[in-house]
Structures are given as structure tokens and as C-alpha cells.
Amino acid sequence: MKSVPFLPADILIPKTDARRWAVVACDQYTSEPAYWEAVDAEVGDAPSTLRITLPEVYLEKEDVAERIDTINRTMDDYLSRGLFTLYPDAMVLVERTLADGRVRRGLVGAVDLTAYDYAADSHSPIRATEGTVLSRIPPRVAIRRDAPLELPHIMILIDDPEQTVIPKQSDGKVLYDTDLMQNGGHLRGRLLAKEAIDSVLAALAKQAETKELLFAMGDGNHSLATAKACYREDCPASRYALAEIVNIHDPALDFEPIYRILFGVDPEALLTEAKAHFASHTEHSVTCFFDGKTDAFSVDGLVAGVLQEFLDAYVAAHPEATVDYIHGEESLKALSARPDAVGFLFEGIAKHELFPYVEAHGALPRKTFSMGEAHDKRYYMECRKIR
């Protein structure tokens, strides 16, 4: 059988209150500090992944270096206190009950970073599905470089219409079974028996015989790129990164557009310029929210990419303006109520189009799609020692 770049790992599971331990991915709610303040209040002084990750809402703060140092010291503290149970050579079947009651299944294991390449023209078995912003990697390297632990919000997609890879259930030990804070639904993880792991690897190896693109990045591409950068400068022990694989054909896996919002702008002037720029376009509608009002214009082609080009040029010409990327229509509308903001709502790529597009054209433009609403994103749970 052909080898595959997804393996069992030495996985650490916390021995603590799982609800307060598990926190949503750090790249969510980047324009909503109130969300993270509520999380901080709920966590209190309990051990939590909030204390060993850096929510990106704080990434531009002046005290970011101090925050990173505190994260590393807290990781050391959690390890020295014996906070974790080690499960060697393990895979975890993750069952995530979403806020609407559907259950999304995935497998946590280790991906081989030597099989991953985020270049737009890559032909590696693991590929980025969206453009990788190289400037976003160094701040994350600063966090990972001296960290003794990794904990993933990385979700990698497989194209398995026959559902041969991820088991529908497991009789293995329940490692965690908890409600999630902030409308996150429920999370349960079961240990896979060795026979089940062997079955997973055999099914992936069979796919690898006929597929060049075996794994497509869903969430956390910049985190995986960071792990690759650290591997290049570090040691063979960090050749692998913990991640969850999910079948793109899972009925509970949704693709949502990642909307755009501009702050620090004159809404009327911005929309006048946008309408003039896209005057000849007719294919896809873009709805604009601003100051309690709505407007619209049309864009031809892949909306996220074409619109992004315009917004990048606008921000370059207006240094006072900033762009952010928003998950969820309600969050977009709420943020667009600010007097100096304009939010852009549009349809995104369908999930069945992803693998064919990437194989034919390479990576999509950055921030093209999101796998579900923000509260349905991966919550941190499993850890692995990398030092």
C-alpha cells in the first residue's frame, strides 16, 4: 500500500473541566473583543486553552510579546502539574454536535509536514485551498517557536464520497464528552482501537493510489504553514503537526462565504467608487450594509477574489481604512452598523466545487470560504508535546 501523510500521534487529553478548557479557534471573532471578554469571564481561573493560545483580536496589541511569554510559561505549568493523560500512537474520533443539532465527524492525528506545500502551483498531497499570506506567518512562528505544546484548530478535508475513511462510530474509550461554551454545541471524542486505525490508514492508502490531491486545507492553513516554517528551522521532532481530518461530503459540513468589511471609510464615497469600478459586471450580486442601510452592485467571476482586488486597492489608496473578514451574516450586519463601516455580503463557492477547482487552478484567493459559522469552528481540545 502507498504510504499516507496522516499518522497516529502521542495525544494529550486534559484532566480538567472540559467545558472551560475548550475554546473556539483563535482566528474567530477578530473584530468582536466582547466575545473574548465573555470567554475570559466564563473560564475564570480554570485551566483552559484560552490561556495557551493567542486570540487574534489581541495580535496587534502592544503587549503581544508578553502575552506569548505568558502562554509558554502556562504551557510549562500545565505540563508540570500533570494536567494531561497521554495516549500514545492514538487517533481520536471526534463527534461535534453543532448548534443546530447536526453531528460532524472527524479524526485527529498527525500530518506529515514534508507532504504539505502552500504554494499556489503545488502538486503535493496536502495543499492550501486559499492564498497564503506570508506576512501572517512570522507572528505565529513567534508563538510556536518556544512552545512546548501544540493544540490544533486545523481541519483538513478529504474527498471521500463513499465514506470509507472516517468510522461512523467507535467503541473505544470516551476521552471527553462536553457541552461547549458560547453556543458551540457539544463535543465528544473516542479513542480508536488499533484495528480501526489500521482500517483508516488502509482506506487512505487506497485513495492515494489514484489521487494526487489527498488532503485539502479547510481551516487553519496559516497555522499549518507556521508549523512547516518551524520544522524547517528546528528539528525532526517537529516534522508532524496535530490536525483533524473531515470528509468534505459529511452532511454536517457547511461551506459559508467569508464576508468583507471595511472600517474607517466614508460609506457613500466607497460605494460610489465600487459601483463605478464594477459598472459593467452583471453575474453575482454583492449586498452592502452601512449605517442601517443597504445597497448592492454586481461582480463577475469568483466574487471573493474580484472583490478582494478592489478592496486591496482601495485600502492602499486610503491608509485610514482597514479590512476585516467576518464569519456569519448577523455578525456582519452588526459590525456594519458603525458609522464608518461598510459590510459586503455575497454567495461563496459550493463545497463540491473545491477539490476540482484546486486540482485545476490551484489555490483560491485568500479568505474565500469558511466551513460553517464562527461558533461551529473547531474548539481546541487535544494537545501534543513538540518540545
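See the structure shown above.
Rules used throughout
- Residues numbered from 1 in each chain as written.
- Predicted model: local features only at pLDDT ≥ 70, side-chain atom pairs only at ≥ 80, totals over all residues.
- Heavy atoms only, no water.
- Core = buried A, V, L, I, M, F, W, Y, C linked by side-chain atoms within 4.5 Å.
- Buried < 20%, exposed > 50% of the residue type's maximum accessible area, 1.4 Å probe, protein only.
- Contact = heavy atoms within 4.5 Å.
- Phe/Tyr/Trp six-rings, centres within 6.5 Å; stacked < 30°, edge-to-face > 60°.
- Helix = DSSP H or I, 4+ residues; strand = E, 2+ residues; numbered from the N terminus.
- Lys NZ or Arg CZ within 6 Å of the ring centre and 35° of its normal.
- Axes fitted to C-alpha atoms, helices over the stretch in contact; angles between N-to-C directions.
- Left-handed = near helix turned anticlockwise from the far one by under 90°.
- Salt bridge = Lys/Arg side-chain N within 4 Å of Asp/Glu carboxyl O.

Visitor: How would you sum up the nonpolar core? Please name residues and give values.
Guide: Counting 49 residues, the largest nonpolar core has Ile 11, Trp 21, Trp 36, Val 39, Phe 84 and Tyr 176 as the members making the most contacts within it. Beyond its immediate stretch of four places on either side in the chain, Val 39 contacts Val 23, Leu 50, Met 181 and Gln 182. With 34 residues, the next largest nonpolar core counts Leu 107, Ile 158, Leu 204 and Phe 215 among its residues.

Visitor: Tell me about the packing of aromatic side chains, residues and numbers included.
Guide: Applying the stated criterion across every chain, the model contains 12 aromatic pairs. Note on Phe 278 and Phe 297: the rings are 5.3 Å apart at their centroids and 5° apart in plane angle, and the pair reads as stacked. Here the residue Phe 278 occupies a position in the loop between α7 (267–277) and β16 (284–290), and Phe 297 occupies one in strand β17 (residues 293–299), the gap between them amounting to 19 residues. Taking relative accessible area as the criterion, Phe 297 reaches 7% and is therefore assigned buried. Taken together, the aromatic side chains of Phe 278, Phe 297, Phe 310, Tyr 314 and Phe 344 make up a single cluster linked through ring pairs. If you follow Arg 67 out to its NZ or CZ, it ends over the ring of Tyr 58, 4.2 Å from the centre.

Visitor: Explain the packing of helix α4 (residues 137–144) against helix α6 (residues 221–233) to me, using residue names and the numbers behind them.
Guide: Axis separation between α4 and α6 bottoms out at 9 Å; the angle between their running directions is 65°. For α4 against α6, the interelement crossing comes out right-handed. Residue-level contacts link Ile 137, Arg 140, Val 141 and Arg 144 of α4 to His 222, Ala 225, Thr 226, Ala 227, Ala 229, Cys 230 and Glu 233 of α6.

Visitor: Would you mind going over the pattern of salt bridges in detail, with residue names and values included?
Guide: According to the stated counting rule, one finds 22 salt bridges in the structure shown. Ionic pairing is found between Arg 20 and Asp 17, a salt bridge with its closest N-O pair at 3.1 Å. Across the pair Lys 194 and Asp 198 runs a salt bridge, and its minimum N-O distance is 3.0 Å. Residue Lys 194 and its partner Asp 198 are located together in helix α5 (residues 194–208), separated by four residues, close to a single helical turn. Its relative accessible area of 57% is what places Lys 194 among the exposed residues. Among the charged side chains, a network of salt bridges with common partners joins Asp 100, Arg 102 and Asp 254.

Visitor: Give a description of unusual backbone geometry that names residues and reports values.
Guide: The backbone phi angle of Gln 182 is positive, close to 55°, even though this residue is not glycine. When you line up the elements, Gln 182 lands in the loop between β10 (174–179) and β11 (186–191). Phi is positive for Asp 291, which is not a glycine, with a value near 50°. In this fold, Asp 291 is placed in the loop between β16 and β17.

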